[in-house]
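Chain and residue survey
For reference, the chains in residue letters:
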Amino acid sequence: MKKNEIVELDITDLSYEAMGVAHYEGMTIFVNNALPGEKIKAKLLKIKKNFAFAKIEKIIKESPDRVNVKLNHWVQTGLASLAHIKYDKQLEFKRNQVVNLLHKADLDKIEVGQTLPSPQEVGYRNKAQVPVRKVKGQLDIGFFRRHSHDLVPLTNFFTTDPEIDRVLVAVRDILRKYNVPAYDEIHNKGEIRYLDVRRSKATGEIMVILVALHKDFEHLQDITQEISQIDKVTSIVLNHNPKKTNVILGKKDYLLWGEPQITDKIGDVSFKISPQSFFQINSLQTPRLYDLAIQKADLKPDDVVIDAYSGIGTIGLSVAKHVKAVRGMEVIKPAVDDANANAKLNGITNAEYVVGKAEEVMPRWAKEGLKTDVIFVDPPRKGLTPEFIDAAVETDPKKIVYISCNPATMVRDLQLFQEQGYDFNEIDPVDMFPQTPHVEAVTVLEKK
Ligand code: SAH
């Protein structure tokens, strides 16, 4: 096999990154955008020892699961790598990810529910963080081509709320009008690195964050004044990120105009959200995810509940009125401040949030003799740590409800809980991120 050679392939499977998989002359070949059941002519791109990458030259036999979206090739590969698959098949793909992981862990007896579909299949994101760079001599917004920092200019971000796209374009045009230089990452020069725009689905309020190399720059006042005129913008923040780094946000935020937070709602609970706080990005699907988790928790009025990896307290504050007490922890201080303020805002007096790493706070609480009834965990992709799991078990909960954005680490952690006398029999995938391969899942562990 040689690079650039054209071969005929039968696609038999989808990888976890949603690439078509074929077997050819003892090699596994991954093909972007190809679907199981398709016969294709493909050009070999990169050849390794046991596997290779190829790209479609021609589809000879097309899968009935294919949809022909009119998307730029780079949008498809970078932002929406499932967009060529019918939505019900996307849901099946996500369920299969969980089934395969359980199979590898010898847990085939665990049931996997049907993936809960998202109410919106496109335009569902309530937040966009888009890079700003100079392209063809002018400041532009877009996204980075996969595995690169080449900006592909874009004005319709497909999975993002169109109201956010509207604001992104308007801010881009104001920055162009004042000749603000885009960030130049090679020399750590220029000015605007990212635009970060959030919109509350419940109130319509919009926050614009200019992520900039300097705290102040030429025409900032005029620019702020013009952005404040964009319909529905209620908050303008400058995030100062002076470092040569790939991390998007710097540590400091400066309010330029309007409110320091935007207000959103989940169910009947209101939440104020600060610029650095995590908030679930699929507004219409989040209450459905939480309802599922809360239903699994089967809460009682006397329960002591932990909300671990709490963000701004969205899960704990949604249940506080139905239980005895809620305690939570989260590593980002502004998010914890939001959580405690949000408790007050909603007249909740039995919930308290602290700043700290879950794997450090939980052992401290266990040592103090805390006993719990239900623990909600909602960790980032890397999952829980053994220290957290040991301490959680020490507080003797009846149930642990695990919400995960990465089923691989979830299955690993569930096995650790099993070794300590907890069991589970079902996992329910939830589609929080249509058109992308990301899988969210919920399960409940019960004490044997
Ligand atoms: N439960 C919230 C947040 C989930 S996202 C919600 O549904 O909105 C995960 C959160 O964990 C983020 O807010 C992140 O800042 C926080 N986090 C990441 N690592 C952490 C750690 N080691 N200890 C505590 N919180 C952590």
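Residues numbered from 1 in each chain as written. Predicted model: local features only at pLDDT ≥ 70, side-chain atom pairs only at ≥ 80, totals over all residues. Heavy atoms only, no water.

This part takes up the sheet that holds strand β13 (residues 252–258). Across the sheet, which stays open at both edges, the 7 strands sit in the order β9-β8-β7-β10-β11-β12-β13 with mixed pairing between neighbours. Edge positions in the sheet fall to β9 (151–153) and β13, since each of these pairs with one other strand and no more. Strand-to-strand, the axes of this sheet are offset by a mean angle of 35°, without reference to chain direction. Those strands touched by helix α3 (residues 162–177) are β7 (127–135), β8 (138–144), β10 (192–199), β11 (206–212) and β12 (233–240), and its axis lies near 145° from that of β10. Of the strands in this sheet, β11, β12 and β13 touch helix α4 (residues 220–228), which is tilted by about 145° from β12. (Pairing = 2+ DSSP bridges. Helix = DSSP H or I, 4+ residues; strand = E, 2+ residues; numbered from the N terminus. Axes fitted to C-alpha atoms, helices over the stretch in contact; angles between N-to-C directions. Contact = heavy atoms within 4.5 Å.)

Two quantities define a packed helix pair, namely the angle between the helix axes and the distance between the axes. It is the contact of helix α9 (residues 386–394) with helix α10 (residues 407–419), at a shortest axis distance of 10 Å, that shows an interaxial angle of 40°. One element, α9, and the other, α10, form an angle in the oblique class. Handedness of the α9/α10 crossing: right-handed. On α10, the residues that touch Ile-389, Ala-392 and Val-393 of α9 are Asp-413, Leu-416 and Phe-417. When the residues that make up the contact of α9 with α10 are grouped by side-chain class, the tally is 5 nonpolar, no polar and 1 charged. (Parallel < 35°, antiparallel > 145°, perpendicular 65-115°, else oblique. Left-handed = near helix turned anticlockwise from the far one by under 90°. Nonpolar A, V, L, I, M, F, W, Y, C, P; charged D, E, K, R; others polar.)

A separate point is α4. Within the sequence span of α4, burial applies to Leu-220, Ile-223, Thr-224, Ile-227 and Ser-228. For α4, the angular spread of buried residues about the axis comes to 135°, placing them on one side. (Buried < 20%, exposed > 50% of the residue type's maximum accessible area, 1.4 Å probe, protein only. Arc of directions from axis to C-beta.)

Turning to the domain arrangement of the protein, a few remarks are in order. By domain assignment, the protein separates into domain 1 (6–66), domain 2 (127–266) and domain 3 (282–447). A C-alpha centroid distance of 32 Å is found between domain 2 and domain 3. The interface is formed by 6 residues belonging to domain 2 together with 9 residues belonging to domain 3. The junction of domain 2 with domain 3 conceals about 530 Å² of combined surface from both sides, 74% of it contributed by carbon and sulfur atoms. Taken together, the links from domain 2 to domain 3 amount to 0 salt bridges. Linking domain 2 with domain 3 are 1 residue pair in polar contact (both at pLDDT 80 or more), by the criterion used here. When the residues that make up the side of domain 2 that touches domain 3 are grouped by side-chain class, the tally is 2 nonpolar, 2 polar and 2 charged. (Domains from an automatic or database assignment. Buried area = accessible area lost by both parts, 1.4 Å probe. Salt bridge = Lys/Arg side-chain N within 4 Å of Asp/Glu carboxyl O. Polar contact = N/O pair within 3.5 Å; in protein donor to acceptor, adjacent residues only side chain to side chain.)

Right, let's talk about the nonpolar core for a bit. In terms of nonpolar packing, the biggest core is built from 37 residues, with Val-305, Leu-317, Val-326, Phe-376, Val-401 and Val-442 touching the most fellow members. Contributions of two or more residues to this core are made by β15 (269–273), α5 (286–297), α6 (314–319), α7 (333–345), β18 (351–355), β19 (374–377), β20 (399–404) and β23 (440–447). Residue contributions to this core peak at 5 residues, all from α5. Residues in contact with Leu-317, not counting those within four places in the same chain, are Val-269, Phe-271, Ile-312, Ala-339, Asn-342, Ala-343, Ile-348, Ala-351 and Tyr-353. Residues Leu-384, Phe-388, Ile-389 and Ile-427 belong to the second largest nonpolar core, which totals 36 residues. (Core = buried A, V, L, I, M, F, W, Y, C linked by side-chain atoms within 4.5 Å.)

This next bit is on the UniProt feature "binding site: S-adenosyl-L-methionine" (unreviewed entry) in the protein. Annotation from UniProt places "binding site: S-adenosyl-L-methionine" (unreviewed entry) at Gln-280, Tyr-309, Glu-330 and Asp-378. Relative to the helices and strands, Tyr-309 resides in the loop between β16 (304–308) and α6. In contact with Tyr-309, other than residues within four places in its own chain, are Met-329, Glu-330, Ala-358, Glu-359, Asp-378, Pro-379, Pro-380, Gly-383, Leu-384 and Phe-388. Here Asp-378 lies in the loop between β19 and α9. Owing to a relative accessible area of 14%, Asp-378 belongs among the buried residues under this scheme. Setting aside residues no more than four positions away along its own chain, Asp-378 makes contact with Gln-280, Ala-308, Tyr-309, Ile-315, Ile-403 and Glu-440. (UniProt positions renumbered as here; feature names shortened; annotations may be inferred.)

We now examine the UniProt feature "active site" (unreviewed entry) in the protein. As annotated in UniProt, the feature "active site" (unreviewed entry) corresponds to Cys-405 in the numbering used here. When you line up the elements, Cys-405 lands in the loop between β20 and α10. Look past the residues within four positions of Cys-405 in its chain and what remains in contact with it is Pro-379, Pro-380, Arg-381, Val-439 and Glu-440.

The next thing to look at is the site of the ligand. Around the ligand, 17 residues are found, and the nearest of them are Gln-280, Tyr-290, Glu-330, Ala-358 and Asp-378. Between the ligand and the protein, one listed contact pairs an oxygen atom with a side-chain N or O atom of Thr-314 at 3.2 Å. Side-chain polar atom of Asp-378 to a nitrogen atom of the ligand: 2.9 Å apart, as the coordinates give it. Broken down by secondary-structure element, the contributors of at least two residues to the shell around the ligand are α6 and α8 (358–367). Split by residue class, the shell around the ligand holds 8 nonpolar, 5 polar and 4 charged. (Near = heavy atom within 4 Å.)

Another aspect to go through is the pairing of strand β22 (residues 426–430). By the criterion of burial, β22 is predominantly enclosed, with 4 of the 5 residues buried. Sheet analysis places strand β6 (residues 111–112) next to β22, joined by 2 bridges and oriented parallel. In the strand pairing of β22, Glu-111 is matched with Glu-426. Alignment of β22 against β23, held across 4 bridges, turns out to be antiparallel. Paired with Asp-428 across the two strands is Val-442, which belongs to β23.

By secondary structure assignment, the location of Gln-97 is in helix α2 (residues 87–104). Apart from the residues lying within four places of it in its own chain, the contact partners of Gln-97 are Ser-15, Tyr-16 and Val-439.

Assignment of secondary structure puts Tyr-16 in the loop between β1 (6–14) and β2 (20–24). We classify Tyr-16 as exposed; its relative accessible area is 62%. Apart from residues lying up to four places away in sequence, Tyr-16 is in contact with Phe-93, Gln-97 and Pro-437.

Glancing now at the sheet that holds strand β3 (residues 27–31). Ordered by their spatial adjacency, 5 strands build a closed barrel running β1-β2-β3-β5-β4, and the pairing between neighbours is mixed. Adjacent strand axes in the sheet meet at a mean angle of 50° when their direction is disregarded. Looking at chain direction, β2 and β3 are connected through 5 bridges and run antiparallel. Residue Tyr-24 lies in a different strand from β3, and its bridge partner there is Met-27.

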